[in-house]
Amino acid sequence: LAALKRRVYERDGWRCQLCFTPVDPTLKYPHPLARSIDHFDPLSHGGGHTFENCQLAHWICNGRKGSRLLSAVQILSSGELRQLPVLPVPAELTG
């Protein structure tokens, strides 16, 4: 697991993939800007703990994203989450 994390951190250039700002490798949890592993497809949705499904994120950004899929969430550079717009589904398709 440690080797996977190291590879992900290096691949992502020590930059949070949610807010796109640098991650300081010296910061440790519980500092909000400490490093963490985020999963594109969350573990709670059946995603795996694989190199392809992981990305570097600040602990606070990862916490704000939660177990939502990236397609449903956008994190602004201010660190705030913003729901992406959802297209309305015609009534004939929903029922």
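Here the structure is a predicted model, which is why all the values come from computation and not from measurement. (Residues numbered from 1 in each chain as written. Predicted model: local features only at pLDDT ≥ 70, side-chain atom pairs only at ≥ 80, totals over all residues. Heavy atoms only, no water.)

A.B. asks: Would you mind going over the state of the cysteines with me for this structure?
C.D. replies: When the sulfur atoms of two cysteines share a covalent bond, that bond is a disulfide. Under the defined criterion, the tally for this structure stands at zero disulfides. This cysteine, Cys19, is not joined by any disulfide, and Cys16 carries the nearest cysteine sulfur, 3.7 Å off. Under the relative-accessibility criterion, Cys19 is labelled buried at 8%. Cys61 forms no disulfide, and the closest cysteine sulfur to it belongs to Cys19, at a distance of 3.8 Å. Cys61 gets classed as buried once you look at its relative accessible area, which sits at 2%. (Disulfide = S-S within 2.5 Å. Buried < 20%, exposed > 50% of the residue type's maximum accessible area, 1.4 Å probe, protein only.)

A.B. asks: Looking at this model, I keep getting lost on the nonpolar core. Mind explaining?
C.D. replies: Taken as a class, soluble globular proteins show a tendency for nonpolar side chains to be buried jointly. Counting twelve residues, the largest nonpolar core is built from Leu4, Val8, Tyr9, Cys16, Leu18, Cys19, Val23, Ile37, Cys54, Leu56, Ala57 and Cys61. At the level of secondary structure, the elements contributing two or more residues to this core comprise α1 (2-11) and β2 (54-58). (Core = buried A, V, L, I, M, F, W, Y, C linked by side-chain atoms within 4.5 Å. Helix = DSSP H or I, 4+ residues; strand = E, 2+ residues; numbered from the N terminus.)

A.B. asks: What is the right way to look at unusual backbone geometry in this model?
C.D. replies: Glycine aside, residues mostly have negative phi, and peptide bonds are mostly found in the trans state. Cis geometry is found at the peptide bond from Tyr29 to Pro30, where omega equals 20 degrees. If you check the backbone angles, Trp14 has positive phi at about 55 degrees while not being a glycine. Looking at where Trp14 falls in the secondary structure, it is placed in the loop between α1 and β1 (35-39). The phi angle at Phe20 is positive, at roughly 65 degrees, despite the residue not being glycine. In this structure, Phe20 sits in the loop between α1 and β1.

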